[in-house]
Amino acid sequence: KAGVTQTPRYLIKTRGQQVTLSCSPISGHRSVSWYQQTPGQGLQFLFEYFSETQRNKGNFPGRFSGRQFSNSRSEMNVSTLELGDSALYLCASRLRGGNTGELFFGEGSRLTVL
Amino acid sequence: ELKVEQNPLFLSMQEGKNYTIYCNYSTTSDRLYWYRQDPGKSLESLFVLLSNGAVKQEGRLMASLDTKARLSTLHITAAVHDLSATYFCAVPTYAGGTSYGKLTFGQGTILTVHP
């Protein structure tokens, strides 16, 4: 069974640009969450999507947005990049309605903003 | 606002020794998750603790949950070098119904096991 797949794995952008990251969940998982990991702030929740609707949102500025498609794949977008957006962006999927709520994480997309 | 605190944040152990990582959280939750992260890698699920008094064991790691004390422990028995990694606990915030919404993670405990 394939795991959570994230693309691209690594990318370098400059300040002011925008970036789109993609996530394909585990087959059958319809809930997708995004997290940002930085050395200073640790792991922080960005948002969760289910049935193409944002169900929960973390405390991030509006430059961070996401969406989910009918096949449960998700994308997140960061506009007007800042140096502080450099981070590992992790996508996770879960079987919504399952009894554990366990999240399964992808390998992440490492974004460097210059 | 839910806060999750781990201690210690850094743990240097000798092989063969035992130690415990603690995870405290500030609001009611009936479940808690432990994850492992190797350098430059993603998060690997270790344990899902679903009720008060839950205890799970896998190899040299054992995790427990006390929901009344809002405390989970991850006990390491006879540490080996392969256990060197960063360990995170995480607690869900309910977003209504059966949705577990977001996870709030602890700061992580960086474990280094020396020969």
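Residues numbered from 1 in each chain as written. Chains lettered and ligands numbered in written order. Predicted model: local features only at pLDDT ≥ 70, side-chain atom pairs only at ≥ 80, totals over all residues. Heavy atoms only, no water.

*Asks:* Could you clarify how one ought to interpret the overall build of chain B in this entry?
*Replies:* Of the regular secondary structure elements, chain B holds 0 helices and 11 strands. Its C-alpha atoms give chain B principal-axis dimensions of roughly 50 × 30 × 20 Å. Counting the 115 residues in chain B, one finds 46% classified as buried. Counted over contacts in chain B with a minimum sequence separation of 6, partners at least 24 positions apart contribute 55%. Counting only carbon and sulfur atoms, one obtains 52% of the accessible surface of chain B, whose full area is about 5,500 Å². Each charge class in chain B was averaged separately, 10 positive and 9 negative side chains, and the resulting centres sit 4 Å apart. (Helix = DSSP H or I, 4+ residues; strand = E, 2+ residues; numbered from the N terminus. Buried < 20%, exposed > 50% of the residue type's maximum accessible area, 1.4 Å probe, protein only. Contact = heavy atoms within 4.5 Å. Areas by Shrake-Rupley, 256 points an atom, 1.4 Å probe, with all protein chains shown as cover. Lys, Arg positive; Asp, Glu negative; His and termini not counted. Charge placed at Lys NZ, Arg CZ, Asp CG, Glu CD.)

*Asks:* Can you help me understand the state of the cysteines in this one?
*Replies:* Simply put, the disulfide is a covalent bond whose two ends are the sulfur atoms of two cysteines. All names here are of chain A. In this structure the tally under the stated criterion is 2 disulfides over all chains. Paired through a disulfide, Cys23 and Cys91 show a sulfur-sulfur distance of 1.8 Å. Here Cys23 and Cys91 share a disulfide; its torsion about the S-S bond, -65°, makes the bridge left-handed. In this pair, Cys23 is assigned in strand E3 (residues 19–24) and Cys91 in strand E9 (residues 87–94), connecting sequence segments 68 residues apart. Both residues of the pair, Cys23 and Cys91, count as buried. (Disulfide = S-S within 2.5 Å.)

*Asks:* Just to check I follow, could you spell out the sheet that holds strand E1 (residues 4–7) of chain B for this structure?
*Replies:* What links the strands of a sheet is backbone hydrogen bonding, and the strands pair in either a parallel or an antiparallel sense. All names here are of chain B. Strand order in the open sheet formed by 5 strands is E1-E3-E8-E7-E6, and the pairing between neighbours is antiparallel. Edge positions in the sheet fall to E1 and strand E6 (55–58), since each of these pairs with one other strand and no more. Pairs of neighbouring strands in the sheet enclose a mean axial angle of 15°, with direction left out of account. (Pairing = 2+ DSSP bridges. Axes fitted to C-alpha atoms, helices over the stretch in contact; angles between N-to-C directions.)

*Asks:* Teacher, can you tell me more about the interface of chain B and chain A here?
*Replies:* When the parts of a complex come together, some accessible area is lost, and that lost area is often used as the size of the interface. Facing 19 residues of chain B, the contacting portion of chain A comprises 20 residues. Regarding the contact of chain B and chain A, the summed buried area is about 1,700 Å², with carbon and sulfur atoms giving 52% of it. At the junction of chain B with chain A, the criterion picks out 0 salt bridges. Our enumeration of links across chain B and chain A arrives at 5 residue pairs in polar contact (both at pLDDT 80 or more). Of all the elements in the fold, those that place two or more residues in the side of chain B that touches chain A are strand E4 (32–37), strand E5 (43–49) and strand E10 (103–105) of chain B. For the side of chain B that touches chain A, the per-class residue count stands at 10 nonpolar, 6 polar and 3 charged. (Buried area = accessible area lost by both parts, 1.4 Å probe. Salt bridge = Lys/Arg side-chain N within 4 Å of Asp/Glu carboxyl O. Polar contact = N/O pair within 3.5 Å; in protein donor to acceptor, adjacent residues only side chain to side chain. Nonpolar A, V, L, I, M, F, W, Y, C, P; charged D, E, K, R; others polar.)

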